[in-house]
Every structure is written in C-alpha cells, then in structure tokens.
Amino acid sequence: MRALAFRSPSPMPGWGLSFGVMVLMLSLIVLMPIGTLLLRGAHIGLGEIWHIVNTERVRAALALSFRASLIAALFNLVFGLILAWVLVRYHFWGKRIIDAAIDLPFALPTAVAGIALTAIYAPNGAFGAILKNTFGLRVAYTELGIWIALIFVGLPFVVRTVQPVIEEIDREIEEASATLGASRMRTLRKVILPMLTPALLTGLALALARSVGEYGSVIFIAGNLPLETEIAPLLIVIRLEEFDYNGAVAIALAMLAISFLMLLAINLIQVWSRRRMGAA
C-alpha cells in the first residue's frame, strides 16, 4: 500500500488537497466536456459521423481550417523566432512598446481584432486598397485574409515561449563556436537552433491549437462563402443554429481527431529532438 501511495513532491503542505483540486478542475474543464462529446458521438455511430463529415462542404471547411492554421503556425514559427531574438539580443528605441504590443492579441477581444483587420485589409481599407491597386491582390474575404487573422492571434504563443529560452542562452556559447572557426550561420544551425527546438515546437503546437479553434477574428475577414472561405468552427455554429446537433457533433469530433493527430506528431518530434540533444 505504501508503494501505491502518492508522495509529496515537496516539503510544502497541502499535497492531497492541491492534487484533488487539480483533478476536479481538470475533470470539469477538460475531461467531462470531451467525454460528453465522445459519448454523443458513440450514440450517433461511426457510420453516421462519416456520412456527415464526408460531404463536400464539410471537407472543404475542415481542409481550409487546418490548412490555414498550419500555414499560419509555420509562419509564426519563423518570424516569431526572429522577433523574440531581436527583443532579447538588441536594444533600440521603442523596444518596450513592441514587447508590450505582442501581448495585445491575448487581451483584445477576437471580434474586435476581426473587425479591425477587415477594416484595414478590405478593398477600400488602408492596406487593402494599396495591395489591390498596386499588386491586384485581394486580402479580405479570401483565404489570405484568414491566414493574416490566424497569424495575428498565434504570434504571441511562439514569441512568449521562445523568448525566455533565448534569454537563458549564454553568449559565451556563441563566442566559443566562433573561436572554433564556425561561421554565424553554422553556429545558428548547429548550436542555437538545437537548443531552441523544444521551445519552438511547443510554441508551434500552441499557435496551431489556437488557430484551429479560432472563430471571432476570422469570420469577419473570411467572407464565409461555402466551399471557399467557410471555416469549420463557423460550420459547427451554423449546424447548431439549424438544430442539427448530430451534424455539429460530427464536425467537432472530426476536428478533435485531426487536432489530436497533429499535436501528437508535434509532441513526438519534440521528444525525438530532446533525446537527440541528450545523446549529443
């Protein structure tokens, strides 16, 4: 019995109470909603779920949501790293303003962000008119507008995940690499990036998860045309408004399954990268 008992991880009191509160909150917020969704899906049946999901409109919405989310997350992975590196390693006027502005998507209501982006990138907006008249490029009410909205909401996750890790990297490591004759690019590729890979993958997973479920900032700039710019979360809302609860549950389960597989792949890559760093 003693071997099965939980041991306090620290000398601080309250281990049993804190563990119970953690399990209770996890159950109420995460496990019970997902469990209810799975039970409703089991009641519907795999055949009916496949019949609902395997329609042209649902396939197009799911493909758009995950394609746009993945593209936005990869964009944020690259430019979020650059932005975090600049904020940590360089000192310039307005640095604190930019650093504070990164957290704006966390505090700004998503509907407000969607309206602002639509006003800016609409054909008659400040940037939208320039892009349309100069390059013939239309942003609002296209998939490109969806990408921009998802980049906006996902960028802080990458920056705030990578930034503390960059701060902990000692400059002497770079100096030692340069002393051994490595170029800056080789130092970045062989020394810096391996140290940042776990944090980068974590930021990628967070940005991807946020983008997949994003609704408020996308529906205004997307145009919401079926088979073209209609995202899966919007289609779930439409099904609920039509009182088609089975259809909404089927689409939600499809999104849950695809999201789980994508996040599992990212976590496996993260585990592999950590083992590789440990072996090195």
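It should be emphasised that the depicted structure is a prediction, and the values quoted were computed from it without experimental measurement.

Re unusual backbone geometry
Thinking step 1. Backbone geometry places Asn224, a non-glycine residue, at a positive phi of 60°.
Thinking step 2. When you line up the elements, Asn224 lands in the loop between helix H11 (216-222) and helix H12 (232-241).
Thinking step 3. By relative accessible area, Asn224 is classed as partly exposed at 26%.
Thinking step 4. Even without being glycine, Phe243 reaches a positive phi, approximately 60°.
Thinking step 5. Along the chain, the position of Phe243 falls in the loop between H12 and helix H13 (245-279).

Details of the pattern of salt bridges
Thinking step 1. A full pass over the atoms with the stated rule returns 7 salt bridges.
Thinking step 2. A salt bridge links Arg160 to Asp99; its shortest N-O distance comes to 2.8 Å. Here the residue Arg160 occupies a position in helix H8 (residues 143-168), and Asp99 occupies one in helix H4 (residues 95-101), the gap between them amounting to 61 residues.
Thinking step 3. The class of Arg160 is partly exposed, set by a relative accessible area of 24%.

Some remarks on the packing of aromatic side chains
Thinking step 1. For the structure on display, the rule yields 4 aromatic pairs.
Thinking step 2. With centroids separated by 4.4 Å and ring planes inclined at 25°, the aromatic side chains of Phe75 and Phe79 adopt a geometry described as stacked. One end of the pair, Phe75, and the other, Phe79, are both in helix H3 (residues 56-89), 4 residues apart, so they sit about a helical turn from each other.
Thinking step 3. A relative accessible area of 37% means that Phe75 is categorised as partly exposed.

Quick notes on helix H1 (residues 15-44)
Thinking step 1. When the terminal C-alpha atoms of H1 are compared, their 41 Å separation across 30 residues agrees well with the 44 Å that a helix rising 1.5 Å per residue should span.
Thinking step 2. Taken as a whole, H1 carries its principal kink of about 50° at Ser27.
Thinking step 3. Looking at H1, one finds that the buried residues are Ser27, Gly41 and Ile44.

What counts and how
- Residues numbered from 1 in each chain as written.
- Predicted model: local features only at pLDDT ≥ 70, side-chain atom pairs only at ≥ 80, totals over all residues.
- Heavy atoms only, no water.
- Helix = DSSP H or I, 4+ residues; strand = E, 2+ residues; numbered from the N terminus.
- Buried < 20%, exposed > 50% of the residue type's maximum accessible area, 1.4 Å probe, protein only.
- Salt bridge = Lys/Arg side-chain N within 4 Å of Asp/Glu carboxyl O.
- Phe/Tyr/Trp six-rings, centres within 6.5 Å; stacked < 30°, edge-to-face > 60°.
- Expected span 1.5 Å × (residues − 1).
- Bend = angle between axes of the 7 residues up to and from the residue.

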